[in-house]
Each structure stands twice: as structure tokens, then as C-alpha cells.
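# Observations on the three-dimensional arrangement
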Amino acid sequence: DAGVTQSPTHLIKTRGQQVTLRCSPKSGHDTVSWYQQALGQGPQFIFQYYEEEERQRGNFPDRFSGHQFPNYSSELNVNALLLGDSALYLCASSRFAQGNYSPLHFGNGTRLTVT
Amino acid sequence: LAKTTQPISMDSYEGQEVNITCSHNNIATNDYITWYQQFPSQGPRFIIQGYKTKVTNEVASLFIPADRKSSTLSLPRVSLSDTAVYYCLVGDHGPGAGSYQLTFGKGTKLSVIP
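Attention in this report is confined to the structure presented alongside it. From a predicted model like this one, the values you see are computed outputs, not experimental measurements. Going along each chain's sequence as written, the residues are numbered from 1 onward. Each chain gets a letter, beginning with A, and each ligand a number, beginning with 1, in the order they are written. Reporting of local features is limited, given that this is a predicted model, to residues whose pLDDT is at least 70; pairs of side-chain atoms are given and counted only at 80 or more, and all residues count toward the totals for whole chains, interfaces and linings. The basis for every side-chain value is the complete set of heavy atoms in the structure, and neither hydrogens nor water enter the calculation.

## Thoughts on the overall build of chain B
Note the threshold: In this description a helix means any DSSP run of H or I spanning at least four residues, a strand means any run of E spanning at least two, and both kinds are numbered starting from the N terminus. Only protein chains enter the area calculation, which uses a 1.4 Å probe; residues under 20% of their type maximum are buried, those over 50% are exposed, and those in between are partly exposed. Whether two residues are in contact is decided by their heavy atoms: any pair within 4.5 Å suffices. Each accessible area is a Shrake-Rupley estimate made with a 1.4 Å probe; only the visible protein chains count as cover when residues are assessed.
Scanning chain B from terminus to terminus reveals 0 helices and 9 strands. Shown N-terminal to C-terminal, the secondary structure of chain B runs as helices and strands in the order β-β-β-β-β-β-β-β-β. The 114 residues of chain B split such that 47% are buried. Within chain B, counting contacts between residues at least 6 apart in sequence, those at least 24 apart form 58% of the total. Taken as a whole, chain B presents about 5,600 Å² of accessible surface, with 51% of it coming from carbon and sulfur.

Written out as C-alpha cells, the structure reads:
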């Protein structure tokens, strides 16, 4: 039973470029959330997708966008990259219908470096 | 969203029991308390979740007093491999909940000493 998988594991981009990160949820999960984790900080919520729609959004600019596909996998897109976007980007999956007991299962993230 | 407060760091010797307390004074009625563990360059890993009283699983116990304004994660007989950052989160995970945003603080960095 595969857990949450993310690709690529590492990425180096130049300021102003665009990047796409990918996530496959744990088998049986239908909800995907994305988090940004800067060095030494806790993960910060970016947004959550369920039924191919953005359901919740954190305090991130519109440069951050996402998509969820019919197979529940998801993409995170970041446009016009800034140096401050350098971080570990984490994807987490869960089961929306599991009620109040639906802990998040995280992937090991994509390390993005913007130069 | 309920905010949490945890100690920034803790040290413990191998074999000791470690208790990490988290304060969440404005916890809401529907909120659950969840603890995650994170190793460097890895995603957080779910440890335990509870609503009230005591919950125990194979790796930890979670103690929640009646007022639910705090919780304590207890790790029995820690080993070097328990060195990690531990996050306490409070939120309503339910479907249709007003907000599913789980707010991570900076967590507690636990260092286990040989």
C-alpha cells in the first residue's frame, strides 16, 4: 500500500520562473492538502482539494494555484517565483468522509530552491 | 482557529519517559487534538489523536484534562531515534467543517541524549 508520493524530490529554479509539483495520495484517500515549510518553521497550509475543487485556502497569494485530477492526484503550481518561495513543499492526503478522525498522511516533500 | 503553545525544545536521556505539554486555551467543541512527529527532510508523521481523557497506542499516550485547554503527549522510554520535532495541532477535521486548515506552530524539538 503506497503512501503519499511526491515528485520531484528536489528542484532548482530561477527567480521569475514557474514550477509544478506533483502528488499522489495514499490509496483510499480522496483529499489532498499542500503545505509550505520554510527552514526551522512548522508547515504552513496553502490549500486543500476535494472533488477536484479548492475547498480551503491559507494566506498565500494567487501565484500559488493547484489542481486535482479525477484519480485524486494533485499538482501545485507556483508562478513568478521569488527567492522567498524556497522551501520544502509537503503534500498530505486524507479521507474527507472519515468524519472527525481523519489524520493527515504526508509525503516527504519537494525541496524547492529558487536562485 | 485554535492556536497552540508548546515548549520550543526539550532534552531527555535515553530510556526516560518524556512528556510534552501543549496549551490550546481557545479550543472549540468540535476540535480534535492531534500530534505529529517530523524528522529532518521528511514529512510529518501522525502519532496520536484524541478528543478527551486518555488515548494510548503502540507508540505514545495522550492525556487531555476535562477542560481540554491543554494536552500532554507522553513518550515512554525514549530512544535516540525519537529525536525529532513534535507538533501539537488542534482542529475540526470533520466533513463540512468551517475550516480544515491545520495550523502548525514551530513544534517542540526533542533531543534524546545517550
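Back to the text.
## Some thoughts on the nonpolar core
This is how the line gets drawn: Joining through side-chain atoms within 4.5 Å is the link that ties buried Ala, Val, Leu, Ile, Met, Phe, Trp, Tyr and Cys residues into a set, and such a set is a nonpolar core.
Core analysis: the largest hydrophobic core is formed by 20 residues, its most contacted members being Ile33, Trp35, Ile47, Leu73, Leu75 and Tyr86 of chain B. When residues of this core are assigned to their parent elements, the largest contribution, 4 residues, is made by strand S8 (residues 84-91) of chain B. The contact partners of isoleucine 33 of chain B, leaving out residues within four places of it in the chain, are His24, Ile27, Ile48, Gln49, Gly50, Leu62, Ile64, Arg68, Ser71, Cys88, Leu89 and Val90 of chain B. Val4, Leu21, Phe64 and Leu81 of chain A belong to the second-largest nonpolar core, a separate cluster that totals 19 residues.

## Examining the sheet that holds strand S3 (residues 19-24) of chain A
Residues and elements named next belong to chain A. Stated formally: Here a strand pair is declared whenever DSSP counts at least two bridges between the two strands. With axes taken as lines fitted to C-alpha atoms, and helix axes fitted only over the stretch in contact, angles between N-to-C directions fall between 0 and 180 degrees.
If you walk across this open sheet you meet the 4 strands as S1-S3-S8-S7, and the pairing is antiparallel. Edge positions in the sheet fall to strand S1 (5-7) and strand S7 (64-68), since each of these pairs with one other strand and no more. Within the sheet, the average angular offset between the axes of one strand and its neighbour, ignoring direction, is 20°. Where S7 lies against strand S8 (residues 74-78), 5 bridges are found, and the strand directions are antiparallel. When the bridges of S8 are listed, phenylalanine 64 appears paired with valine 78.

## Considerations on the pattern of salt bridges
Residue and element names in this part refer to chain A. The line we're drawing: In what follows, salt bridge is the name for a side-chain nitrogen of Lys or Arg lying within 4 Å of a carboxyl oxygen of Asp or Glu.
Across all of its chains, the model carries 4 salt bridges over all chains by this definition. Arginine 22 is the partner of glutamate 75 in a salt bridge, and the nearest nitrogen-oxygen pair spans 3.4 Å. Of the two residues, glutamate 75 sits in strand S8 while arginine 22 sits in strand S3, which places them 53 residues apart along the sequence. Taking relative accessible area as the criterion, glutamate 75 reaches 17% and is therefore assigned buried. Assessed through its relative accessible area of 41%, arginine 22 is described here as partly exposed. Put simply, arginine 57 and glutamate 54 hold a salt bridge, and the shortest N to O gap is 3.1 Å. Residue arginine 57 is classed as partly exposed on the basis of its relative accessible area, which comes to 24%. For glutamate 54, a relative accessible area of 35% puts it in the partly exposed group.

## Focus: the state of the cysteines
We count it as follows: A pair of sulfur atoms, both from cysteines and within 2.5 Å, is called a disulfide here.
All told, the structure shown has 2 disulfides over all chains when counted by the stated rule. In this model cysteine 23 of chain A forms its disulfide with cysteine 91 of chain A; the gap between the sulfur atoms is 1.8 Å. Measuring handedness by torsion sign, the sulfur bridge of cysteine 23 of chain A and cysteine 91 of chain A sits at about -65° and is left-handed. Of this pair, cysteine 23 of chain A sits in strand S3 while cysteine 91 of chain A sits in strand S9 (residues 87-94); the two residues are 68 residues apart in sequence, bridging distant segments of the chain. Here the two residues cysteine 23 of chain A and cysteine 91 of chain A agree in accessibility, since each one is buried. Disulfide partner of cysteine 22 of chain B: cysteine 88 of chain B, at an S-S distance of 2.2 Å. With the S-S dihedral at roughly -80°, the linkage between cysteine 22 of chain B and cysteine 88 of chain B falls on the left-handed side. With cysteine 22 of chain B in strand S2 (residues 18-23) and cysteine 88 of chain B in strand S8, this residue pair connects regions lying 66 residues apart in the sequence.

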